[in-house]
Amino acid sequence: MLNIVLFGPPGSGKGTQAEKLLEKYGLKHLSTGDVLRAEKASGSDLGNRMAEIMAAGLLVPDEIVNEIVKNRIDEFAGKVPGFIFDGFPRTNEQALTLDGYLKFVGSSVTLTLFLDVPKDELVRRLLQRAIEKGRVDDTAEVIEARVVEYNTKTLAVAELYKAQGKLHVVDGMGELDEVFGRLTAIIDNALATA
Ligand code: AP5
Ligand code: MG
């Protein structure tokens with residue numbers, strides 16, 4: 001399987017690029033943020049319980065997201081050429097759990113693509129998205145909290161992948177297609193040498 005972790009701070013373009021990548025490579029998109037927002041929209045117990053944490057820009061507990069990911073892997077492994085993990089893993093615990101789940105289905109993370117975007121641009125993009133899409137966590141105050149969570153809990157996950165030789169830092173600035181070209185060059189190279 002081709003399993004890609006799309007990594008990066010809030011607003012770095014993970015969701016945007018995931019949409020383009022899954023079209024090109026036929027992968028299954030797994031955005032834990034999207035699943036949690038869908039839970040909230042459905043009015044489920046889980047969604048309601050997590051809504052407050054998400055609205056504050058804090059990470060939801062590992063057990064909750066791990067369960068979501070486990071269910072998706074169980075459902076789709078063997079039926080799709082691979083997964084794009086978007087916004088997961090966000091803690092070392094999640095990364096280790098993901099390794100275990102993938103190992104169980106005879107696979108592993110192929111590549112981690114780190115979208116590198118400076119903070120002032122992240123804030124600019126997310127405040128712009130607030131106008132267009134109205135995501136409740138796209139306010140100046142909550143964006144700040146999300147960036148702090150990212151810097152204190154998530155950034156270290158990149159070191160795990162770096163140690164495994166799987167981390168590719170990609171410049172996330174520029175036009176969508178330019179960034180997409182940088183990502184596909186890395187993926188195509190990995191596929192050619194696999
Ligand atoms: P999640 O939904 O994952 O949000 P996020 O990581 O904060 O990232 P975003 O979705 O805001 O940004 P993105 O990188 O996808 O960028 P996008 O492509 O949209 O998580 C939300 C919450 O859920 C978390 O805070 C947490 O509470 C919870 N959660 C989720 N996963 C969790 C986990 N694993 N563990 C614990 N809690 C979890 O782009 C942003 C904007 O920029 C868009 O408007 C886009 O059009 C624009 N844009 C994109 N690329 C470019 C470009 N190249 N140039 C200009 N504009 C661009
Ligand atoms: Mg996203």
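Attention in this report is confined to the structure presented alongside it. Keep in mind it's a predicted model, so treat the numbers as computed, not measured.

Per the secondary structure count, the protein chain includes eight helices and five strands. For the protein chain, the succession of helices and strands along the chain, N to C, is β-α-β-α-α-α-β-α-β-α-α-β-α. For the protein chain, whose C-alpha radius of gyration is 16 Å, the value lies close to the compact-globule estimate of 16 Å for 194 residues. Each of the three principal axes of the protein chain carries a C-alpha extent, and together these read 45 × 40 × 30 Å. Sequence separation of 24 or more characterises 74% of the internal contacts of the protein chain that already satisfy a separation of 6 or more. Summed over all atoms, the accessible surface of the protein chain reaches about 9,700 Å², with 54% contributed by carbon and sulfur. If you average the places of the 23 positive and of the 29 negative side-chain charges in the protein chain, the two averages end up 2 Å apart.

In the structure shown here, the tally under the stated rule is four aromatic pairs. With a centroid separation of 5.2 Å and an interplanar angle of 65°, the aromatic rings of Phe 7 and Phe 114 are classed as edge-to-face. Linking Phe 7 in strand β1 (residues 4-7) with Phe 114 in strand β4 (residues 111-116), this pair joins segments that are 107 residues apart in sequence. Like Phe 7, the residue Phe 114 is buried in the burial classification. Feature note: the residues Phe 7, Phe 114 and Tyr 150 constitute an aromatic cluster, connected by ring pairs. We note Lys 20 situated over the ring of Phe 180; from NZ or CZ to the ring centre the distance is 4.9 Å. When the ring centre of Phe 76 is taken as origin, the NZ or CZ atom of Lys 28, which lies over that ring, is 4.2 Å away.

One pass over the full model with this rule turns up 12 salt bridges. For the salt bridge of Asp 34 with Arg 37, the shortest nitrogen-to-oxygen distance reads 2.8 Å. In this pair, Asp 34 and Arg 37 are both assigned in helix α2 (residues 32-42), three residues apart and thus about one turn of the helix distant. The partner of Arg 129 in a salt bridge is Asp 138, and the shortest N-O contact between them spans 2.7 Å. Among the charged side chains, a network of salt bridges with common partners joins Arg 129, Arg 135, Asp 137, Asp 138 and Arg 146.

Next up on the list: the side chain of Thr 112. Within the secondary structure, Thr 112 sits in strand β4. Accessibility expressed as a relative area gives 0% for Thr 112, which makes it buried. Dropping the residues within four chain positions of it, Thr 112 is found in contact with Val 5, Phe 7, Tyr 161, Lys 166, Leu 167 and His 168.

Thresholds applied
Residues numbered from 1 in each chain as written. Chains lettered and ligands numbered in written order. Predicted model: local features only at pLDDT ≥ 70, side-chain atom pairs only at ≥ 80, totals over all residues. Heavy atoms only, no water. Helix = DSSP H or I, 4+ residues; strand = E, 2+ residues; numbered from the N terminus. Rg over C-alpha atoms; globule rule 2.2 N^0.38 Å. Contact = heavy atoms within 4.5 Å. Areas by Shrake-Rupley, 256 points an atom, 1.4 Å probe, with all protein chains shown as cover. Lys, Arg positive; Asp, Glu negative; His and termini not counted. Charge placed at Lys NZ, Arg CZ, Asp CG, Glu CD. Phe/Tyr/Trp six-rings, centres within 6.5 Å; stacked < 30°, edge-to-face > 60°. Buried < 20%, exposed > 50% of the residue type's maximum accessible area, 1.4 Å probe, protein only. Lys NZ or Arg CZ within 6 Å of the ring centre and 35° of its normal. Salt bridge = Lys/Arg side-chain N within 4 Å of Asp/Glu carboxyl O.

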